[in-house]
Amino acid sequence: MTRDSESSTPEDEVLTDGGETAAEGADEVALDPWGSSTVSDYRKLFEEFGIEEFDEVLPEVPNPHYLMRRGVIFGHRDYRPVAEAMREDDPWAVLSGFMPTGDPHIGHKLVFDEIIWHQQQGGDAYGLIADLEAHSARGLTWGEIDEHARDYILSLLALGFDAEKGELYRQSDNRELQDLAFELGIEANYSELQAIYGFDGETDVSHMQSVVTQMADILYPQLDEPKPTVIPVGPDQDPHIRLARDLATRMRFFKVSKAYASFEADDAERELIAAAYAALTDEAGNGDVRCEDAADWLREHQPEPSSARESAVKKLAAAGKEPVRPRIRFFDRKATDEAFEALIEAVEGEKRVYEGHIDSFELDRQDAEALAREVELDNGGYGFIQPSSIYHRFMTGLTGGKMSSSVPASHISLLDDPEDGYDKVKSATTGGRETAEKQRELGGEADQCPVYELYAYLLAGDDDDIAKEVYDECVGGERLCGGCKEQAAELMQEFLEDHQEKREEAEELLADLDIDFDSLR
Ligand code: TRP
Ligand code: SF4
């Protein structure tokens, strides 16, 4: 893990929103939002970080976007609730953010498209300019930030973001956001940021503040009501997603869990107690099981000494004659006194009230969750649902290796002169063989080819046939790089011409927006 990138200047920045790829020799997986880490093996992200494969949820997504169909969006965390809300027409949201450190480029276009597509599927859509982060973590001046911020927003509008339905904001201008960041900061401490991001004693306080600001960004769509929210990002942002998911939970007033007796048990202990209970009762749960009986059963049937067994036995023995009875527990995590009282009132049927928790013997888990959230919301809490995320692959640089803003030839800016865009594609590295003869014989390596990526990620648009045709003809040896690049270069030129025309048209929309691009700082 790279440490706090204090020293990294905008020039040596890696384009994390679409800019990184497998560079030779990089086989270690590091997810570092401010580093220049590369991802050489996407499969490792599944094993090491618990990111799930997108293909597994794909069948649940109505009219999936081509980036989903083509595996460019390769992973997710908890996307199911979003897909379900989409299908059921329930409220849900999409949000992503951009550090205005340079021109928006074709890597950012991926993310713009992801936001826009989700908006078109019916989500509340948010796009934000991470100007506090750019200023604190990258050291950009406000003048530079203003200029780039405008360019990002203009491209987002030109590509089809509907600003009347959705919301665009700058972190620095959003008071509500900053208030939320402040609240979230109460739930996170320095040691944790150190462990997640490698922060140390030299890290700026403002950089840390930009982290809680991003946490607030991610939860911002839920300020009016809790809803599933998807955050489309590159995998380098996953540490932020995990922290945001944790914080969402930590902000909750109550934790709902299953319990078997009045005392508290952790997950491992609870599992053992559940096993004893199941063994000592019939299927209907009949049988007069006391805690001490369960302790005896565990001593006898779980002879493997483990710390969970030891502590479960101890707790059960101490509870003696208390009956073992399954129940749903509302644990008071950070509820106000009024909220706790309100929950006591709201739990119907048989219940028992303790110092820090309430046990219900009649509610099922789902109803209990819903009730806990309702009482929280009625009593001034946020009731956050854990945010979800989707991850896209980083685009390879046109010159091979990383796509980086310090190497203009490695990327295509959305503001590039269309003819320059044409030229850059024409001089891009390919996955072709040394000679035409070999190419015909062996076929090209489309999987290693930045030009093929351009087709798949952008130039083929929604038309899977084009992408497939390029791929099949390439690996089949029917396609030669010269002609392939000529075609790609022309398409790129047309795309840039069209996009820039749309940017001009979007100027009017931009003027109507309530966003200030002259920060008086
Ligand atoms: N940290 C992101 C980046 O480096 C930008 C960002 C800020 C962001 N807030 C966000 C991304 C919220 C997604 C969601 O590009
Ligand atoms: Fe790449 Fe096209 Fe050459 Fe295949 S034919 S290697 S896709 S440039």
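Just so we're clear, the structure is a prediction, and the values are computed from it rather than from any experiment. (Residues numbered from 1 in each chain as written. Chains lettered and ligands numbered in written order. Predicted model: local features only at pLDDT ≥ 70, side-chain atom pairs only at ≥ 80, totals over all residues. Heavy atoms only, no water.)

Trainee: Just checking my understanding: could you explain the side chain of Ser 172 for this structure?
Mentor: Considering the arrangement of structural elements, one finds Ser 172 in the loop between strand E5 (167-170) and helix H7 (175-185). A residue is classified by how much of its surface remains accessible, and Ser 172, at 14% relative accessible area, is buried. What Ser 172 contacts, discounting residues up to four positions off in sequence, is Asp 131, Leu 132, Trp 142, Gln 178 and Arg 521. (Helix = DSSP H or I, 4+ residues; strand = E, 2+ residues; numbered from the N terminus. Buried < 20%, exposed > 50% of the residue type's maximum accessible area, 1.4 Å probe, protein only. Contact = heavy atoms within 4.5 Å.)

Trainee: How do you make sense of the site of ligand 2 when you look at a structure like this?
Mentor: Close to ligand 2 lie Thr 430, Gly 431, Gly 432, Gln 439, Cys 449, Val 451, Tyr 452, Cys 474, Arg 479, Cys 481 and Cys 484. When atoms are counted within 2 Å of each cavity's grid points, the one that captures over half of ligand 2 is the second largest cavity. Looking at the shell around ligand 2, the elements that each hand over two or more residues are helix H18 (450-459) and helix H20 (481-512). (Near = heavy atom within 4 Å. 1 Å grid on protein atoms, 1.4 Å probe; cavity = no way out; pocket = protein on both sides within 12 Å on 5 of 7 lines; lining within 4 Å. Sits in = over half its atoms within 2 Å of the grid points.)

Trainee: I'm lost on the sheet that holds strand E11 (residues 388-392) in this one. Help?
Mentor: Strands sit in the order E1-E2-E11-E6-E3-E4-E5 across an open sheet of seven strands; the sheet is mixed. The open sheet has two free edges, formed respectively by strand E1 (52-53) and E5, since each of these has just one partner strand. Relative to strand E2 (residues 73-77), E1 runs antiparallel, the two being bridged by two bridges. Bridge pairing in E2 places Glu 53 opposite Gly 75. (Pairing = 2+ DSSP bridges.)

Trainee: How should the site of ligand 1 be read in this particular structure?
Mentor: Not every one of the 15 residues close to ligand 1 is listed here, only the nearest: Met 99, Glu 133, Gln 214, Asp 217 and Gln 237. Between ligand 1 and Glu 133, the relevant distance is 2.8 Å, taken from a nitrogen atom to a side-chain nitrogen or oxygen of the residue. A distance of 3.0 Å separates a nitrogen atom of ligand 1 from a polar atom in the side chain of Gln 237. Notes on ligand 1: free accessible area 370 Å², of which the protein chains cover 99%. Contributions of two or more residues to the shell around ligand 1 are made by strand E3 (93-98), helix H9 (205-219) and strand E6 (229-233). (Polar contact = N/O pair within 3.5 Å; in protein donor to acceptor, adjacent residues only side chain to side chain. Areas by Shrake-Rupley, 256 points an atom, 1.4 Å probe, with all protein chains shown as cover.)

Trainee: In this structure, what is going on with empty space enclosed by the protein? I would like to understand it.
Mentor: Sizing a probe to match a water molecule and rolling it over the atoms shows the empty space that remains. On inspection of all chains with the given rule, the structure shows two cavities of 30 Å³ or more. Reported here for the second largest cavity is a volume of approximately 120 Å³. Lining the second largest cavity we find 16 residues, and of these Cys 449, Cys 474, Arg 479, Cys 481 and Cys 484 sit closest to its centre. Of all the elements in the fold, those that place two or more residues in the lining of the second largest cavity are H18, helix H19 (464-475) and H20. In the lining of the second largest cavity, the residues fall into nine nonpolar, four polar and three charged. (Points joined across faces, edges and corners; volume = space filled by probe spheres on them. Nonpolar A, V, L, I, M, F, W, Y, C, P; charged D, E, K, R; others polar.)

Trainee: Teacher, can you tell me more about the sheet that holds strand E7 (residues 254-259) here?
Mentor: What holds strands together in a sheet is hydrogen bonding between their backbones, with the strands either parallel or antiparallel. Strand order in the open sheet formed by four strands is E7-E8-E10-E9, and the pairing between neighbours is antiparallel. Each of the sheet's edge strands pairs with one partner strand only, and the pair in question is E7 and strand E9 (351-353). The average undirected angle you get between the axes of adjacent strands in this sheet is 20°. Note that strand E8 (residues 327-332) and strand E10 (residues 357-360) share four bridges and pair antiparallel. Note that in E10 the partner of Arg 329 across the bridge is Asp 359. Docked against the sheet, helix H15 (residues 365-378) engages E7 and E8, running at close to 160° with respect to E7. (Axes fitted to C-alpha atoms, helices over the stretch in contact; angles between N-to-C directions.)

Trainee: How do you make sense of the nonpolar core when you look at a structure like this?
Mentor: In globular proteins that are soluble, nonpolar side chains generally tend to be buried together. Counting residues in hydrophobic clusters, the biggest one holds 70 residues, and the most contacted among them are Phe 54, Tyr 79 and Ile 153. Structurally, this core is a two-domain feature, drawing no fewer than three residues from each of domain 1 (78-251 + 385-392) and domain 3 (408-510). With near-sequence residues (within four places) excluded, Phe 54 lies in contact with Val 61, Met 68, Ile 73, Phe 74, Gly 75, His 76, Tyr 79 and Ile 390. Grouped together as the second largest cluster of nonpolar side chains are 47 residues, Trp 34, Ala 137, Trp 142 and Leu 177 included. (Core = buried A, V, L, I, M, F, W, Y, C linked by side-chain atoms within 4.5 Å. Domains from an automatic or database assignment.)

Trainee: Looking at this model, I keep getting lost on the pairing of E8. Mind explaining?
Mentor: Along any regular strand, the residues point their side chains to alternate faces of the sheet. Bridging between E7 and E8 involves six bridges; their strand directions are antiparallel. Residue pairing across strands places Phe 254 opposite Asp 332, the latter belonging to E8.

Trainee: In this structure, what is going on with the layout of surface pockets? I would like to understand it.
Mentor: If you add up the space inside the second largest pocket, you get close to 330 Å³. Lining the second largest pocket are 17 residues, with Thr 249, Arg 252, Phe 254, Val 256 and Glu 369 sitting closest to its centre. When contributions to the lining of the second largest pocket are tallied by element, the ones reaching two or more residues are helix H10 (238-250), E7, helix H11 (267-280) and H15. Residue composition of the lining of the second largest pocket, grouped by class: six nonpolar, three polar and eight charged.

Trainee: Help me understand the packing of aromatic side chains, please; the structure alone is not making it clear to me.
Mentor: Think of a pair of aromatic rings as described by two things: how far the centres are apart, and how the planes are tilted against each other in angle. Enumeration over the complete set of coordinates arrives at 15 aromatic pairs. Ring centres of Phe 253 and Phe 254 lie 6.3 Å apart, and the angle between their planes is 75°; this geometry places the pair in the edge-to-face category. For Phe 253, a relative accessible area of 7% puts it in the buried group. Among the residues examined, Phe 254 registers a relative accessible area of 3% and is labelled buried. Joined through ring pairs, the aromatic side chains of Trp 34, Tyr 197 and Phe 199 make up one cluster. (Phe/Tyr/Trp six-rings, centres within 6.5 Å; stacked < 30°, edge-to-face > 60°.)

Trainee: Please explain H20 as it appears in this structure.
Mentor: For an α-helix, the turn length of 3.6 residues means that residues three or four places apart are oriented alike. End to end, H20 covers 45 Å across 32 residues, agreeing with the expected 46 Å (1.5 Å per residue, within 8%). Of all the bends in H20, the greatest, near 35°, is centred on Ala 506. (Expected span 1.5 Å × (residues − 1). Bend = angle between axes of the 7 residues up to and from the residue.)

Trainee: Is there a simple way to explain H11 in this structure?
Mentor: With 14 residues, H11 extends 20 Å from end C-alpha to end C-alpha; this agrees with the ideal 20 Å at 1.5 Å per step. Every buried residue of H11 is accounted for by Glu 269, Arg 270, Leu 272, Ile 273, Ala 276 and Tyr 277. The buried residues of H11 occupy an angular sector of 160° when projected down its axis, which confines them to one face. Pointing more than 90 degrees away from the buried face of H11 are the exposed residues Asp 267, Glu 271 and Ala 278. The secondary structure elements touched by the buried residues of H11 are E7, helix H12 (291-301) and helix H13 (307-319). Between the side-chain oxygen at the start of H11 and the backbone nitrogen of Ala 268 there is a gap of 3.2 Å, and the oxygen is on Asp 266. (Arc of directions from axis to C-beta.)

Trainee: Quick question: what am I supposed to make of the pattern of salt bridges here?
Mentor: Once their charged atoms are close, side chains differing in charge can pair, the charge on each being opposite to the other. With the rule as written, the count across this model stands at 39 salt bridges. As a salt-bridge pair, Asp 113 and Lys 109 come within 2.6 Å of each other at their nearest N and O atoms. Here Asp 113 pairs with Lys 109, and both are found in helix H4 (residues 106-120), just four residues apart, close to one helical turn. Lys 109 carries the same exposure label as Asp 113, and that label is buried. The salt bridge involving Arg 309 is made with Glu 310; its shortest N-O contact spans 3.0 Å. Through salt bridges with shared partners, one network takes in Arg 69, Arg 70, Asp 462 and Asp 464. (Salt bridge = Lys/Arg side-chain N within 4 Å of Asp/Glu carboxyl O.)

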